[in-house]
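Fold and contact review
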Amino acid sequence: MDFADTRRKPNFTGKIAVAAALTVMCIIVLKQSPGFSGTSVFSRHEIGVTHVLVTGGAGYIGSHATLRLLKDNYRVTIVDNLSRGNMGAVRVLQRLFPQPGRLQFIYADLGDAKAVNKIFSENAFDAVMHFAAVAYVGESTMEPLRYYHNITSNTLTVLEAMAAHNVNTLIYSSTCATYGEPDTMPIVETTPQNPINPYGKAKKMAEDIILDFTKSKKSNMAVMILRYFNVIGSDPEGRLGEAPRPELREHGRISGACFAAALGIVPGLKVHGTDYHTADGTCIRDYIDVTDLVDAHVKALDKALPGKVGIYNVGTGQGRSVKEFVEACKKATGASIEVSYFTRRPGDYAEVYSDPSKIHRELNWTAQYTDLGQSLSQAWKWQKDHPNGYGSA
């Protein structure tokens, strides 16, 4: 017959008692720690702290905007599904701002309404900067349904969540593509919107949804819509840059394509369209540095007022041709880039550049980084240091 060893019981019971005592002590110490509560600091509002949700914050523009917000002492939550963004950019931001309560990243798709609602229910947002979107004109002509879903439908989902959870400030990332091909230049905010590609159409639909909601009696939302032009450049201190996925280089920004050619990633640079009614036959664009662009977003956030809507063009006011851009890129990189010319790309327009006088007058914003060569040189430095994007870091 087996008999229990009663001598072990007091020892076992003692261990339990010690563990329980240590647990209680840990709880007491934690509760006495500054800022401790049963919930995350991201889930409650704090006086003097503005918590901004940045959708698409792992992307090129969104990551630069997050950097600026964090430098200005905002609390930031990034939501991104990483379909176009880079986790490497998020890691850079986390290393720069490791303090608790400054930055959190949530992996989620804005097309999942249940997930979006859960994010809003678990976090106390004061404002939303909505960048998340697919954003290539050429790609939009090949995959229009994807663009309407990703831009228009997802914006509706975000807006519904904001309304349901009483988040009343929205800074919306729009585009000059909503104007299409205006009859006169430069483009002002009252220029008729007649987009000619699915990207521009999807953005205009999203704008219309936002504007219709602001007119309803249920809304007291502060809204700023920023229609910006062609974005270039990178963080002046070299911490962030543009890192498009290799399969998207053909559809992406001309700067990315130019740098890829300079690095030898692709055999040369493709320029689409040499028969436009412009001085040298190539498209005219207004190139805005990403640092200036995020400054406009922060100023818009600061000036947003309940029940008011502001719509602003964000550009330099100066148009430059694609050929001019290519020559500036060659000079910035010092590389011999082979340029091939092709027929026009569907959805492109001949000439667009802004009149930024309204944003200067009302938000006291003016582009500072207007030297095309300097912006390209800064971006090129990051590209050279990161030939494989954030995977090189």
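Residues numbered from 1 in each chain as written. Predicted model: local features only at pLDDT ≥ 70, side-chain atom pairs only at ≥ 80, totals over all residues. Heavy atoms only, no water.

**A word on the overall build of the protein**
- Within the protein, the secondary structure is distributed over twelve helices and 13 strands.
- Classification of the 393 residues of the protein by burial places 51% in the buried group.
- When contacts within the protein are restricted to residue pairs at least 6 apart in sequence, those whose partners lie at least 24 apart make up 81%. (Helix = DSSP H or I, 4+ residues; strand = E, 2+ residues; numbered from the N terminus. Buried < 20%, exposed > 50% of the residue type's maximum accessible area, 1.4 Å probe, protein only. Contact = heavy atoms within 4.5 Å.)

**Quick look at the pairing of strand S2 (residues 75-80)**
- Of all the six residues making up S2, six are buried; the element is thus mostly covered by neighbouring parts of the structure.
- For strand S1 (residues 51-55) and S2, the ladder comprises five bridges, and the chain directions are parallel. Across the sheet, the residue bridging to Leu-53 is Thr-77, located in S2.
- What joins S1 to S2 is helix H2 (residues 60-71), and the crossover it makes is right-handed.
- Inspection of the sheet shows S2 paired to strand S3 (residues 103-107) by five bridges, in the parallel sense. Residue Val-76 lies in a different strand from S3, and its bridge partner there is Leu-103. (Pairing = 2+ DSSP bridges. Right-handed = clockwise from strand over helix to strand, strands pointing away.)

**Digging into the sheet that holds S2**
- What the seven strands build is an open sheet, ordered S3-S2-S1-S4-S5-S6-S11; its pairing is parallel. Among the strands making up the open sheet, the edge pair consists of S3 and strand S11 (309-314). In this sheet, neighbouring strand axes are inclined to one another by 15 degrees on average, regardless of whether the strands run parallel or antiparallel.
- Strand contacts of helix H7 (residues 198-214): strand S5 (169-175), strand S6 (222-228) and S11, with the helix running at about 155 degrees to S5, the strand carrying the most contacts.
- This element, helix H9 (residues 290-303), spans S1, strand S4 (127-130), S5, S6 and S11 of the sheet and lies at about 160 degrees to S6. (Axes fitted to C-alpha atoms, helices over the stretch in contact; angles between N-to-C directions.)

**Details of the pattern of salt bridges**
- For the coordinates displayed, the defined rule picks out 18 salt bridges.
- Between Asp-275 and Arg-344 there is a salt bridge, with its nearest N and O atoms 2.9 Å apart. Here Asp-275 is found in the loop between strand S8 (269-272) and strand S9 (284-285), whereas its partner Arg-344 is found in the loop between strand S13 (339-342) and helix H11 (357-363), with 69 residues between them in sequence.
- One network of salt bridges, with partners in common, ties together Arg-68, Asp-72, Asp-295 and Lys-299. (Salt bridge = Lys/Arg side-chain N within 4 Å of Asp/Glu carboxyl O.)

**Structural notes on H2**
- Over its twelve residues, H2 runs 17 Å from end to end, which matches the ideal 16 Å to within 8%, given 1.5 Å per residue.
- The element H2 is largely enclosed, with a buried count of ten among its twelve residues.
- Asn-73 occupies a position one or two residues after H2 and carries a positive phi of about 70 degrees. (Expected span 1.5 Å × (residues − 1).)

**Structural notes on the packing of H2 against helix H3 (residues 87-96)**
- One way to put it is that H2 packs onto H3 with a least axis distance of 10 Å and a crossing angle of 5 degrees. Taken together, the axes of H2 and H3 lie roughly parallel to each other. Here Ser-63, Thr-66 and Leu-67 of H2 lie close against H3, whose contacting residues are Ala-89, Leu-93 and Leu-96.
- A per-class count over the contact of H2 with H3 returns four nonpolar, two polar and no charged. (Parallel < 35°, antiparallel > 145°, perpendicular 65-115°, else oblique. Nonpolar A, V, L, I, M, F, W, Y, C, P; charged D, E, K, R; others polar.)

**A look at the packing of aromatic side chains**
- In this structure the tally under the stated criterion is five aromatic pairs.
- The cationic tip of Arg-75 hangs over the ring face of Phe-42; the distance from NZ or CZ to the ring centre is 5.8 Å. (Phe/Tyr/Trp six-rings, centres within 6.5 Å; stacked < 30°, edge-to-face > 60°. Lys NZ or Arg CZ within 6 Å of the ring centre and 35° of its normal.)

**What about the state of the cysteines?**
- One pass over the full model with this rule turns up one disulfide.
- Two residues, Cys-258 and Cys-329, share a disulfide whose sulfurs are 2.1 Å apart. Because the torsion about its S-S bond is -125 degrees, the bridge between Cys-258 and Cys-329 counts as left-handed. Placement of the pair is Cys-258 in helix H8 (residues 254-263) and Cys-329 in helix H10 (residues 322-333), with a sequence separation of 71 residues. (Disulfide = S-S within 2.5 Å.)

**Considerations on unusual backbone geometry**
- Cis rather than trans, the peptide bond between Met-185 and Pro-186 has omega equal to -5 degrees.
- Tracing the backbone through its elements, the reader meets Pro-186 in the loop between S5 and H7.
- Within the chain, Leu-82 stands out as a residue other than glycine whose phi angle is a positive 65 degrees.
- In this fold, Leu-82 is placed in the loop between S2 and H3.
- In this model, Asn-364 sits at a positive phi of 55 degrees, which is unusual for a non-glycine residue.
- With respect to the element layout, Asn-364 can be found in the loop between H11 and helix H12 (372-385).
- Judged by its relative accessible area of 59%, Asn-364 falls in the exposed class.

**Description of the environment of Ala-132**
- The residue Ala-132 is located in the loop between S4 and helix H5 (137-142) in this model.
- Along the primary structure Ala-132 and Asp-109 are separated by 23 residues, whereas in three dimensions their C-alpha atoms are 9.7 Å apart.
- The contacts of Ala-132, once residues within four sequence positions are left out, are Thr-55, Gly-56 and Leu-110.

**Regarding the packing of helix H4 (residues 113-122) against helix H6 (residues 144-164)**
- Running from N to C, H4 and H6 cross one another at 35 degrees; their axes reach a closest spacing of 10 Å. Crossing of H4 against H6: the hand is right-handed. Of H6, the residues touching H4 (which contributes Ala-113, Val-116 and Phe-120) are Thr-157, Val-158, Ala-161 and Met-162.
- Its residues assigned to classes, the contact of H4 with H6 comprises six nonpolar, one polar and no charged. (Left-handed = near helix turned anticlockwise from the far one by under 90°.)

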